[in-house]
Amino acid sequence: MLIQFNFENYKSYLNETSLDLTATNISEFTSNLIYYKKNEKYLKAISIYGANSSGKSNILEAFKHMRNWVLKSFELSGNKKVIPQKPFQFCEGGKKGKVMFEVFFAINNNEYQYGYRADDKKIYEEWLYKRDFRAKSKYILVFERDGQKFNLREELKKTQELLNSINERTLLISILSNLQIEDAINVSTWFQETNVVNFGDTTFEFLISKTLPKVEFENPVQYKMFIDFLTAIDVGIEGIKLEKITDNEQLDENGKGNDSRYKIFTQHRNTDTGELEIISLADESSGTIKMISLYYFLNEALRYGRTLFIDEMDAKLHPLLTRYIVNLFQSEESNPNNAQLIFTTHDTNTLTKELFRRDQIWFVEKDTKGVSSLYSLVEYKINNTKIRKDATYNKDYLGGRYGAIPYLNIYRVGE
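Being a predicted model, the structure only gives us computed values, none of them experimental. (Residues numbered from 1 in each chain as written. Predicted model: local features only at pLDDT ≥ 70, side-chain atom pairs only at ≥ 80, totals over all residues. Heavy atoms only, no water.)

So what exactly am I meant to see when it comes to the overall build of the protein here?
Along its length, the protein carries 10 helices and 20 strands. Taking 2.2 N^0.38 as the reference for a compact globule, 415 residues should give roughly 22 Å; the C-alpha atoms of the protein span a radius of gyration of 23 Å, in line with that estimate. Expressed along its principal axes, the backbone C-alpha trace of the protein runs to roughly 75 × 60 × 55 Å. Here the protein, with 415 residues, has 51% of them falling under the buried criterion. Across the protein, the fraction of contacts at a sequence separation of at least 24, relative to all contacts at a separation of at least 6, is 61%. Of the roughly 20900 Å² that the protein leaves accessible, carbon and sulfur atoms contribute 47%. One finds the centroid of the 55 positive side-chain charges in the protein at a distance of 6 Å from the centroid of its 57 negative side-chain charges. (Helix = DSSP H or I, 4+ residues; strand = E, 2+ residues; numbered from the N terminus. Rg over C-alpha atoms; globule rule 2.2 N^0.38 Å. Buried < 20%, exposed > 50% of the residue type's maximum accessible area, 1.4 Å probe, protein only. Contact = heavy atoms within 4.5 Å. Areas by Shrake-Rupley, 256 points an atom, 1.4 Å probe, with all protein chains shown as cover. Lys, Arg positive; Asp, Glu negative; His and termini not counted. Charge placed at Lys NZ, Arg CZ, Asp CG, Glu CD.)

As structure tokens, this is what we get:
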């Protein structure tokens, strides 16, 4: 479970920014909450709205950047002389400053606070604390790092000599997880299991649409779950047929092989004969292909109670399909393990009091200096007054009451 993600000086975010999944003390939709230890409550889903180029995607990219370096810094730092941090570029303080990433999260009945501060050349600070549930909100030291100096809890001091030779670009968490330190393994495992799906990246979208979802199609249980999903979203597909590609067979010029090992066909019912007809997956609609490609990520999150980030979730999807995905996470029946969904969208059909609490609705706005800011509807005020829970969120948003919309000027052709 993700509790909070903080970051600073990454892409369009110059100042420290916090995406907080802690539920506020409001009354609506208690079913949308995760009930945790010590009567704490967290959100199952968060939606992020804003104008094009406002910085919505950069939130997810910031987390993906952190995830990538946590999982790969041990491998990559030895081959790289710089760490590609992508700080804010439109002022000298940002260009020359350090980036910061920090997460609070829970895994395996443990709760952690982990983060680091770095620039292109080295890690300046790194920290990992573990929550002691015997005391309210108390975190105890696992390790702290100040440059190449380490403050370790007692059990880790046996690694001190080895750590003295650590590369200054390598995260300590990567070293400790490779040494099979339990808390470090928990951190790495949580990042590994938290997926970021970016449908704003055309290359990613193309590649994933040409690949089978990670389903064991020969396993009847998994196959049925997949077909049940397709039936539930009413795309008319009643089955999947795979045709093995022989060694000397190549994908055709339209990419209709779709996979390095199989040709993929979908099966539809012929309404006259009752027989199943097959067509290439590539001939399905882009929305259907997107839902098929999403299946693995949705299923993994819901099945194991993981956190899933999706950028531009509504692209190529009917508004009711977008709402359907949200409801998968907000329903106790389909989400018994408290999976979380964090997504960016332009679809204001989901921006309603019938679907979300006010603390589940977030906005991104970019100022005249190119700096993005992130805020939730529950904390937004108009004339020093908070937004009421019976407000018409989507209409008020499009009317400019909450900010985070594009400012459009008249364009005169030829002038």
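Read on for the rest.
Any chance you could explain the pattern of salt bridges here in plain terms?
When charged atoms on two side chains of opposite charge get close, those side chains can pair. Inspection of the entire model under this criterion finds 21 salt bridges. For Glu 154, the salt bridge goes to Lys 157, with nearest N and O atoms at 3.4 Å. When its relative accessible area of 58% is taken as the criterion, Glu 154 is described as exposed. The class for Lys 157 is partly exposed, based on a relative accessible area of 45%. A salt bridge links Glu 354 to Lys 353, with the shortest nitrogen-to-oxygen separation between them at 3.7 Å. For Lys 353, a relative accessible area of 31% puts it in the partly exposed group. (Salt bridge = Lys/Arg side-chain N within 4 Å of Asp/Glu carboxyl O.)

When you look at the confidence of the model for the protein in this model, what are you seeing that I'm missing?
Detailed reading of the predicted coordinates is not advisable wherever pLDDT is low. Per-residue confidence for the protein gives a mean pLDDT of 90, with 94% of residues at or over 70. Every residue in residues 251–260 is under pLDDT 50, and counting partners more than four places away or in other chains gives 25 contacts. (pLDDT = per-residue confidence, 0-100.)

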